[in-house]
Structures are given as C-alpha cells and as structure tokens.
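Summary of the model geometry
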Amino acid sequence: MKDQQPLLLLPLWLPEEPWLEFLKMRAKKRNSPTDYARMLLIAKLDRIRLAGHDPKTIIDNSIEHGWLTFYEPNGNGNGKGKESIFERALRKANAEDGR
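This write-up is about the structure you can find in this document. Numbering of residues starts from 1 in every chain and runs along the sequence as written. Side-chain atom pairs in this predicted model are given and counted only at pLDDT of 80 or more, local residue features only at pLDDT of at least 70, and totals for whole chains, interfaces and linings cover all residues. Hydrogens and water are ignored here; the side-chain numbers use all heavy atoms of the structure.

Regarding the packing of aromatic side chains
The following threshold applies: Pairing of aromatic rings covers Phe, Tyr and Trp, the last counted by its six-membered ring, and requires centre-to-centre distances within 6.5 Å; plane angles under 30 degrees mean stacked, over 60 mean edge-to-face, and any other angle means tilted. Note on conventions: DSSP H or I runs of at least 4 residues are helices, E runs of at least 2 residues are strands, and numbering of each starts at the N terminus. Only protein chains enter the calculation, and the probe is 1.4 Å; a residue is then buried if its accessible area is under 20% of its type maximum, exposed if over 50%, and partly exposed in between.
One pass over the structure, following the stated rule, counts four aromatic pairs. Between W19 and F22 the ring centres are 6.1 Å apart and the planes differ by 25°, which places this aromatic pair in the stacked class. Residue W19 and its partner F22 are located together in helix α1 (residues 16–28), separated by three residues, close to a single helical turn. With a relative accessible area of 0%, F22 lands in the buried category. Their ring planes at 90° and their centres at 5.0 Å tell us that W67 and Y71 sit as a pair that is edge-to-face. In this structure W67 comes out as partly exposed when scored by relative accessible area, which is 31%. For Y71, a relative accessible area of 45% translates into the label partly exposed. Taken together, the aromatic side chains of W19, F22 and F70 make up a single cluster linked through ring pairs.

Written out as structure tokens, the structure reads:
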C-alpha cells in the first residue's frame, strides 16, 4: 500500500499522535520525509526538547504553521544546547562512514 511508512521506532518521549499528524501534513504538502530525514527531524526535536521545550507543542506549532521542520521558540527554554542521543549517534555513524 502506497501510504504505509516503514516502521521507525519512536523514542518514548515523542508523542505518537502529533508525530503522525506532522508526517500526514508533510505528505499533503507532497514533501514526505525519507527515513533518514525522519531520523534528522527526531534528532532536532530531541535537541529542542533537551533545551526545555515540550515536543508536542513544538510539533503542533509546526503543523499549525505548515512548517516542514521544527523550530525552537525564542526565549522560553533553559538555554542548554545539549546534543541529543540521536544527533550523537548520527554524528558517530557519519564519522565511521567517512562523511
């Protein structure tokens, strides 16, 4: 079936319904993310989460505005720009691949 997406194990902190709605919105814009792009989106959302922002609110804002990615709100986080687990793993995988 054309609309089925390959399974991607979502982190426990990521609310499934808003995430699926975000992907649905992207599909309606004819800009569905690839598996790799989904991993990047989750890593970006995790970085924003670690900065003190609620993932559901971030996803909902992106859906509401029709954005293709996630943006950190100005001035509401704790200012800690920690690297997420996903970004660290992605960086490590890219380094091992010579990227």
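Examining unusual backbone geometry
A positive phi angle, near 55°, is found at R30, a position not held by glycine. Relative to the helices and strands, R30 resides in the loop between α1 and α2 (35–50).

What about the nonpolar core?
Threshold: Buried Ala, Val, Leu, Ile, Met, Phe, Trp, Tyr and Cys residues that are joined via side-chain atoms within 4.5 Å together make up what is termed a nonpolar core.
In this structure, L14, W19, F22, L23, M25, L41, I42, L45, I48, I58, I59 and F70 together form the largest nonpolar core, which totals twelve residues. Among the elements of the structure, α1, α2 and α3 (55–65) are those that each provide at least two residues to this core.

With respect to α1
Stated precisely, the cut-off is as follows: Expected span of a helix, by definition, is 1.5 Å for each gap between consecutive residues, and there is one gap fewer than residues. For this quantity, the arc is that covered by the directions from the helix axis to the C-beta atoms. For this analysis, residues touch if any pair of their heavy atoms sits within 4.5 Å.
Its 13 residues give α1 an end-to-end C-alpha distance of 18 Å, which sits within 8% of 18 Å, the value for a rise of 1.5 Å per residue. Every buried residue of α1 is accounted for by P18, W19, F22, L23, M25 and R26. In a view along the axis of α1, the buried residues occupy a sector of 155°, so they form one face of it. Turned more than 90 degrees away from the buried face of α1 sit E16, E17 and K28, all of them exposed. On its buried side, α1 packs onto α2 and α3. Within two residues after α1, R30 carries a phi angle of roughly 55°, on the positive side.

Just distances and angles here, no functional claims.
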